[in-house]
Amino acid sequence: MRIIYSYNTFGGKRFPSAFDMKLAKLSVTSLRASTDYEPYLYTDLRGKDIFAELFDMDYINVVDFEFQNPEYWNTGKLEVYAKQKEPFLHVDFDTCFMKGFTVPEGDIITEKLRDYELTED
């Protein structure tokens, strides 16, 4: 199981704030302290430099994100999902891990199951 993070700077148009970096450090540090999972980061070249102090270089994957419009902030996550070949859990930098955290078995793990009903208007 891979625990993955992603961050798209949109070619240098979007950078994390100081607060975002504190959250990222807390998340990665708590993951390492509370679990046996290694954190993986998928980011562009500028993101690699920003987050290099938090991740071992072997776990940073440089991505050439196709979508470069910051208005669509989640497109990078979708691109990263599509690149995965083995089971993974994507987490955001505002996630803090606690002792005993494990990922349950299952085909799809999400924060919440949502039922959708298609209607014709």
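### Things to note about the packing of aromatic side chains
Consideration 1: Applying the stated rule across the entire model yields nine aromatic pairs.
Consideration 2: Measuring from centroid to centroid gives 5.6 Å for Tyr-81 and Phe-88, while their planes differ by 40°, and the two rings are tilted.
Consideration 3: On the basis of relative accessible area, Phe-88 is assigned to the partly exposed category, the value being 30%.
Consideration 4: Taken together, Tyr-5, Tyr-7, Phe-51, Phe-55 and Phe-93 form an aromatic cluster joined through their ring pairs.

### Quick notes on the pattern of salt bridges
Consideration 1: One pass over the full model with this rule turns up three salt bridges.
Consideration 2: The partner of Arg-32 in a salt bridge is Asp-56, and the shortest N-O contact between them spans 3.8 Å. You can see Arg-32 sitting in helix H1 (residues 18-34) and its partner Asp-56 sitting in the loop between helix H2 (45-51) and strand E3 (60-62), a full 24 residues away along the chain.
Consideration 3: For Arg-32, a relative accessible area of 32% translates into the label partly exposed.

### Examining unusual backbone geometry
Consideration 1: A positive phi angle, near 55°, is found at Phe-10, a position not held by glycine.
Consideration 2: With respect to the element layout, Phe-10 can be found in the loop between strand E1 (2-7) and H1.

### What to know about the nonpolar core
One recurring pattern in soluble globular proteins is that nonpolar side chains are buried together.
Consideration 1: Formed by 18 residues in total, the largest nonpolar core has its most connected members in Ile-3, Tyr-5, Leu-41, Phe-51, Phe-55 and Phe-93.
Consideration 2: Looking at this core, the elements with two or more residues in it are E1 and H1.
Consideration 3: Of all the elements, H1 adds the most residues to this core, at four residues.
Consideration 4: Sequence-distant contacts of Phe-93, that is, excluding residues within four places in its chain, are made with Tyr-5, Ser-6, Tyr-7, Leu-23, Ala-24, Ser-27, Val-28, Leu-41, Phe-51 and Phe-55.
Consideration 5: Counting six residues, the second-largest nonpolar core is a separate cluster that includes Ile-4, Val-63, Phe-65 and Val-80.

### Focus: helix H3 (residues 75-83)
Helical periodicity: at 3.6 residues per turn, an α-helix aligns residues three or four positions apart in one direction.
Consideration 1: All buried positions along H3 are accounted for by Thr-75, Gly-76, Lys-77, Glu-79 and Val-80.
Consideration 2: The elements touched by buried residues of H3 are E1, strand E2 (39-43) and strand E4 (88-90).

### Description of the sheet that holds E1
Either a parallel or an antiparallel arrangement is found when strands of a sheet pair, and the pairing is made through backbone hydrogen bonds.
Consideration 1: Ordered in space as E3-E2-E1-E4, the four strands form an open sheet in which the pairing is parallel. Taken across any chain shown, the strands that pair with only one partner, and hence form the sheet edges, are E3 and E4. Within this sheet the neighbouring strands show an average axis-to-axis angle of 30°, counted without direction.
Consideration 2: Pairing of E1 with E2, which is carried by five bridges, proceeds in the parallel orientation. Opposite Ser-6, over in E2, you have Tyr-42 as the bridge partner.
Consideration 3: Strands in contact with H1 are E1 and E2; relative to E1, the strand with the most contacts, it is inclined by about 170°.

Calculation notes
Residues numbered from 1 in each chain as written. Predicted model: local features only at pLDDT ≥ 70, side-chain atom pairs only at ≥ 80, totals over all residues. Heavy atoms only, no water. Phe/Tyr/Trp six-rings, centres within 6.5 Å; stacked < 30°, edge-to-face > 60°. Buried < 20%, exposed > 50% of the residue type's maximum accessible area, 1.4 Å probe, protein only. Salt bridge = Lys/Arg side-chain N within 4 Å of Asp/Glu carboxyl O. Helix = DSSP H or I, 4+ residues; strand = E, 2+ residues; numbered from the N terminus. Core = buried A, V, L, I, M, F, W, Y, C linked by side-chain atoms within 4.5 Å. Contact = heavy atoms within 4.5 Å. Pairing = 2+ DSSP bridges. Axes fitted to C-alpha atoms, helices over the stretch in contact; angles between N-to-C directions.

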